[in-house]
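Listed below are the residues making up each chain.
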Amino acid sequence: CSGNNHHERLLQQQDMLLNQNSQLENARKVLEETEQVALEIGTELAHNRETIESAHGRVRSVAGLTGRAKRILTSMSHRQTQQKMILYGLAVG
């Protein structure tokens with residue numbers, strides 16, 4: 001009887017150890033998958049940063065061109081006004 005109990009306890013402990021090993025293996029797999037996802041996210045974030053920095057550079061470039069275009073248009077408007085005044089002066093005079 002006692003031998004049977006001892007054998008039964010050993011089997012239960014063996015099952016418990018197998019279950020624990022299985023749980024540890026599952027946890028290790030989840031950890032590996034989580035690490036892989038984290039690495040992929042890091043790569044994606046680096047790529048997004050490059051894209052954003054590139055876009056920011058283009059925005060600054062366009063802003064500079066817009067300012068330059070505004071100055072040119074203002075200069076053209078002043079010249080047009082001067083020419084109209086000259087023509088008006090010639091027509092009156």
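An account of the accompanying structure is given in this report.

What follows deals with the overall build of the protein chain. Looking only at helices and strands, one finds one helix and zero strands in the protein chain. For 93 residues, the compact-globule estimate of 2.2 N^0.38 gives 12 Å, and the protein chain exceeds it by more than 25% at 40 Å. Considered along the principal axes of its C-alpha atoms, the protein chain spans approximately 135 × 15 × 10 Å. The proportion of buried residues among the 93 residues of the protein chain is 0%. A total of about 8,800 Å² of accessible surface is found on the protein chain, and carbon and sulfur atoms cover 60% of it. Averaging the positions of the 11 positive and the 10 negative side-chain charges in the protein chain gives two centres separated by 31 Å.

How each quantity is defined
- Residues numbered from 1 in each chain as written.
- Predicted model: local features only at pLDDT ≥ 70, side-chain atom pairs only at ≥ 80, totals over all residues.
- Heavy atoms only, no water.
- Helix = DSSP H or I, 4+ residues; strand = E, 2+ residues; numbered from the N terminus.
- Rg over C-alpha atoms; globule rule 2.2 N^0.38 Å.
- Buried < 20%, exposed > 50% of the residue type's maximum accessible area, 1.4 Å probe, protein only.
- Areas by Shrake-Rupley, 256 points an atom, 1.4 Å probe, with all protein chains shown as cover.
- Lys, Arg positive; Asp, Glu negative; His and termini not counted.
- Charge placed at Lys NZ, Arg CZ, Asp CG, Glu CD.

The quantities given are spatial measurements derived from coordinates; they are silent on function.
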